[in-house]
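Analysis of the macromolecular model
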Amino acid sequence: MSLTPQENNDLAIKFFETAWNTGEIMEDLIDPQAVDHSSVGGKEKQEVGPGSFKKIIGMFRAAMPDIKLDVQDEIFVEDKVVHRWVMTGTDTGGVMGMPPSNKNLTFSGTTIVRFKDGKIVERWANVDELGLLQQLGVAPPPPNEN
Amino acid sequence: MSATAAAKREIIRQFFEDIWTDQDMDLADEVLDPEFSFVLPFVTLENREAFKQLVLHNHVAWQDLTYTLLDSVADDDEKGAAYWRSKGTHVNTWNGIEATGNQMSIEGITFFKFSNGKLSLALVQNDFTTLLHQLGVSELPKRR
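Keep in mind it's a predicted model, so treat the numbers as computed, not measured. (Residues numbered from 1 in each chain as written. Chains lettered and ligands numbered in written order. Predicted model: local features only at pLDDT ≥ 70, side-chain atom pairs only at ≥ 80, totals over all residues.)

Quick look at the overall build of chain A now. Along chain A, the regular secondary structure elements total three helices and six strands. Listed N to C, the secondary structure of chain A is α-β-β-α-β-β-β-β-α in terms of helices and strands. Taking all 146 residues of chain A together, 36% fall into the buried category. (Helix = DSSP H or I, 4+ residues; strand = E, 2+ residues; numbered from the N terminus. Buried ≥ 20, exposed ≤ 12 C-beta atoms within 10 Å, placed from the backbone.)

Here is the structure:
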């Protein structure tokens, strides 16, 4: 049965806060055929099912075991939920294959999920990867748009 | 009074297809608040005129620059969001990077706020590191 947009948002908050802050992936909230369109770290597109979530969340939690998700703004309408978020954590495990910097890192992103019958069926995410790399000192300084 | 969700989604479509792609500056004046802020993680443009300059500037740097709206949402209050794809060919200096002739294709998500039916804020997240890779910027770590 379809849920209301508010109910979808409540589930999205629960799913993402649990995943990022504890490492537990609530598989009952992801459709086995869920599509992950995000390309963080240059990963292959359109992976199916919960495996993609597990991989990305496992990768970041291995790098930053104290990582914390802070949802700053949200939109929920019809079957979609949008979250604008900030994550913070201490890089004790090494981000994206790099050696640990032991720095406190902060990065922002936006995630859109589509729900069907109380489960996530699609996810799009975009992350300030450049800002993250800059904090690690491995990317050029911020570009000047002029 | 705030615009309907449908009206806001139409403005979001115009933002990408008519303003970003087709450089319709009259429409920009119509649908963007004068204090429209365009915010990337690394730079903020404080008003509509600065944003219009960015659009024109980027069309000089990128030939056939297009923004395709892939999906959008808007609520009945003051918020909207869009998932989009941008393409273009790097034909002039951009961000200090001399023309490479390379093609770029990146995706992004923009979170919008509206005020009195006009766009007042765009918070942009895009595949900026992908774009730098496509231009051959070598300082970045290799992708696995």
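On to the sheet that holds strand β1 (residues 32-40) of chain B, then. Residues and elements named next belong to chain B. With respect to topology, six strands assemble into an open sheet ordered β2-β1-β6-β5-β4-β3, the strand pairing being mixed. Because the sheet does not close on itself, it has two edges, and the strands there are β2 (43-45) and β3 (62-74). Here the average twist between neighbouring strands, direction ignored, is 20°. Alignment of β1 against β2, held across three bridges, turns out to be antiparallel. Of the residues in β2, the one forming a bridge with Leu40 is Val43. Taken strand by strand, helix α1 (residues 5-21) contacts β3, β4 (79-90), β5 (103-115) and β6 (118-126), and its axis lies near 170° from that of β3. (Pairing = 2+ DSSP bridges. Axes fitted to C-alpha atoms, helices over the stretch in contact; angles between N-to-C directions. Contact = placed C-beta atoms within 7 Å.)

What follows covers the interface of chain A and chain B. Interface size, as often reported, equals the accessible area lost upon joining of the parts. If you look at the interface, chain A gives 30 residues, while chain B gives 28 residues. The set of elements that each furnish at least two residues to the side of chain A that touches chain B consists of β3 (68-77), β4 (80-90), β5 (104-116), β6 (119-127) and α3 (129-135) of chain A. Looking at the side of chain A that touches chain B, its residues break down into 15 nonpolar, nine polar and six charged. (Nonpolar A, V, L, I, M, F, W, Y, C, P; charged D, E, K, R; others polar.)

Its place among the elements puts Ser39(A) in the loop between β1 (30-36) and β2 (47-48). Ser39(A) sits 66 residues away from Leu105(A) along the chain, and the two C-alpha atoms are 20 Å apart.

Residue and element names in this part refer to chain B. The pLDDT averaged across chain B works out to 93; a share of 94% of its residues lies at or above 70. Mean pLDDT across the elements of chain B ranges from a minimum in helix α4 (residues 128-134), with 90, to a maximum in helix α2 (residues 25-31), with 98. Here the predicted complex carries an ipTM of 0.89, next to a pTM of 0.91. (pLDDT = per-residue confidence, 0-100.)

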